Structures are given as C-alpha cells and as structure tokens.
Amino acid sequence: MLEIIDISKDSADIKDQLLTASINQGFLFVKGHGIPQSHIDEMFKLSKDFFNLDESLKNKHAITNNIGYTSLTQEQLDKKKSKDYKEAYNFGKIDFESGSFPVENHPEIFQKNQLLVQKTNQLMYKVAQKLFKHLLTALEVDEAEINELDNCFDGDTNTVLRFLKYPQIRAVKEDVNDDIRAGAHTDYGLMAILFQQEGQEGLQLNLNEENDKDWVSIKYLPSDDPEKEGAPLVINFGDLLQFWTNGTIRSTVHRVVVPESRHADRYSMVFFVHPVFDTSLEAWNSKYIKKDAENKKNMTANEHLLMRLKETYI
C-alpha cells in the first residue's frame, strides 16, 4: 500500500512517511490538497467533451513541441510492446502564478473554458510547490539552498497539464498486448500529479525491477471529507528528480492496463511538473544524496526533457 501523506501538516510530522515513499516507492497518495470535488468533476466533464469531438477537429491541434492533441497509438511508451491505445491533450507554457496559458492556440472548447483550466493550473502548482518544499526539508537540504530552489518553478518551464482518454476495448482479445493501454514507462519530469476516478482504475506499479511481471495495482482512494476536498491525489516522482538526486529519489516504472470488464472508457488527468528550463541538475547538499560523480553530465532541466521526448515520439 502506498503512503498516504497529508501535505497540510508540518514537514516534521510527515518526514518519515515522505522519505519512505520517495526513496522506496516513488509513488504516494496526497491528501490535504484542498481541491474541491466539484472542481475535479468539472474538469473531467471538460475532458470528456473534448475527446467526444470529431477526430478532424482534434487533429487540427496535433501535438507540436509537447502541446496539443495526441491520437490513438501515436505514442509508444514501452518499445517492447504495442503502441499505446489512448488519446491525450496537453496544455503547456503555463504561468504558475496566474495559471494562464496561450489559450488562442487551443481548440474553441478550451477557449470557452479558459478560466476553469487556469484555475486547475493554479491549484496544481500549489500542490507541487508545497510537496517539493516538504521533500527538500525531509532530505535536510541546506536552508539557503531550499530558499533558492523555492524559485525553480518561477519562469519558463516544460510543465504540462494533460487530459487522457483510454477508450473501451473489445471483449475479444485481438493481440497478445491488448491488455495494455499505456506501456511500461517512467515519467520524464520532477513529479506527476494524477487525478483518478472511482471505478476507472488501471494504474499499476512495478516495485521489483528484477521482475517485469511483478505489478501492483493502485486502487481508488476516496476522500476522508468529500465536502472539504476531493479524493487523494496520486503523486509519482520522475526521471528528472531521480537524475537530480543521483538515484536517491525513485522514478518507478508504471503502466495502465485494461480492467477486467474491458467495456468502459477510462479518463484521467495529470499535471507533469518541471522546473524552469535552465535549472541545473547538480545534486543538492544533503546527507541522503550522493555527491555528483565526475562523469555525471552537466545538464539543464530543458535538456533532460528533450532527451526523453526524442525516445518516445516515433
């Protein structure tokens, strides 16, 4: 079972839980995020309305520079398996403070719902910023460095808000890999913040790197207080953070599989968090983190993402 961490608490109160989750699992549940369930429901409705548009309208906004629409089987996250049976839409060039994005470049349905998307960006930024600060404190990073890193989201970043639809699949299996909706992979960035819906599970983790058949399913976790906030968010740390901390923070392999029923669409939303483009990925001064090896490549956050994107889009 993943750690369930209340980010509304003081860092000292959640330190042990957060270290266990980040070092051993790479995934956790976060509550205390304060995002109303009504807001989450509105976003899922907007996502569904977009994916229900005619394919010709969606393809007018085909993905470019990691922003826009990705059609079915366009991505292949696991090179050893079939292409991914999913659709996606990415919002990028997000200003964290205001939540704004260049809305004029997006479909009309998103232009009409600009304020809803902006509000989501703001809410996600607050969660990311708070969790990152908790993590730095738990790792006992020098206070001066924490203060400096507190600004690492303020500027141009590769952060993306992504809508996902995994369409229902025929009851009869058509090939050996058709139980996989999104192939086994790790995420690129600092962290990913995921909204799930009850009854639409499918996310699985592989915590045993020596056995690619050892998968753990992540169940939907309901809210403790639905009137106060929605269900706990699923958080996972990404390759950039693993690289930045020289392997201390774990970027865990995960995938999305088809549920046993095979007859329902699955929708999810993810906020992929990246630091500003020119952030240096030199290791922090922490007793938990190894010093940079002499052969570690001097890389920025933007260079790291570009490297990973080249490996995915084919």
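Computed from a prediction, not measured in an experiment: that's the story for all the values here. (Residues numbered from 1 in each chain as written. Predicted model: local features only at pLDDT ≥ 70, side-chain atom pairs only at ≥ 80, totals over all residues. Heavy atoms only, no water.)

**Describing helix H2 (residues 37-51)**
And then number 1: Along its 15 residues, H2 runs 21 Å from first to last C-alpha, staying within 8% of the 21 Å computed at 1.5 Å per residue.
And then number 2: Residues His39, Ile40, Met43, Phe44, Leu46, Ser47, Phe50 and Phe51 constitute the buried set of H2. Projected down its long axis, H2 shows its buried positions confined to an angular sector of 155°, all on one face. (Helix = DSSP H or I, 4+ residues; strand = E, 2+ residues; numbered from the N terminus. Expected span 1.5 Å × (residues − 1). Buried < 20%, exposed > 50% of the residue type's maximum accessible area, 1.4 Å probe, protein only. Arc of directions from axis to C-beta.)

**Some words on the packing of H2 against helix H5 (residues 114-138)**
For any two helices packed against each other, the geometry is given by the interaxial angle and the distance between the axes.
And then number 1: Where H2 meets H5, the axes come as close as 11 Å, and the angle between the chain directions of the two elements is 125°. In terms of orientation, H2 and H5 fall into the oblique class. Every pair of crossing elements has a handedness; the one defined by H2 and H5 is left-handed. Two secondary-structure elements touch here, H2 through His39, Glu42, Met43 and Leu46 and H5 through Leu116, Val117, Lys119, Thr120 and Leu123.
And then number 2: Along the lines of polarity and charge, the residues of the contact of H2 with H5 split into five nonpolar, two polar and two charged. (Axes fitted to C-alpha atoms, helices over the stretch in contact; angles between N-to-C directions. Parallel < 35°, antiparallel > 145°, perpendicular 65-115°, else oblique. Left-handed = near helix turned anticlockwise from the far one by under 90°. Contact = heavy atoms within 4.5 Å. Nonpolar A, V, L, I, M, F, W, Y, C, P; charged D, E, K, R; others polar.)

**Here's the deal with the sheet that holds strand S7 (residues 191-195)**
And then number 1: Taken in spatial order, the eight strands make up an open sheet running S1-S2-S10-S7-S12-S5-S4-S3, and their pairing is mixed. Pairing within the sheet leaves two strands with one partner each, and these edge strands are strand S1 (4-6) and strand S3 (68-70). Each adjacent strand pair in this sheet contributes to an overall mean axis angle of 25°, direction not counted.
And then number 2: Strand direction decides the pairing type here: strand S4 (residues 87-91) and strand S5 (residues 160-166), joined by five bridges, are antiparallel. Paired with Glu87 across the bridge in S5 is Lys165.
And then number 3: Across the sheet, H5 touches strand S2 (27-31), S4, S5, S7, strand S10 (233-237) and strand S12 (266-273), and the angle it forms with S7 is around 130°. (Pairing = 2+ DSSP bridges.)

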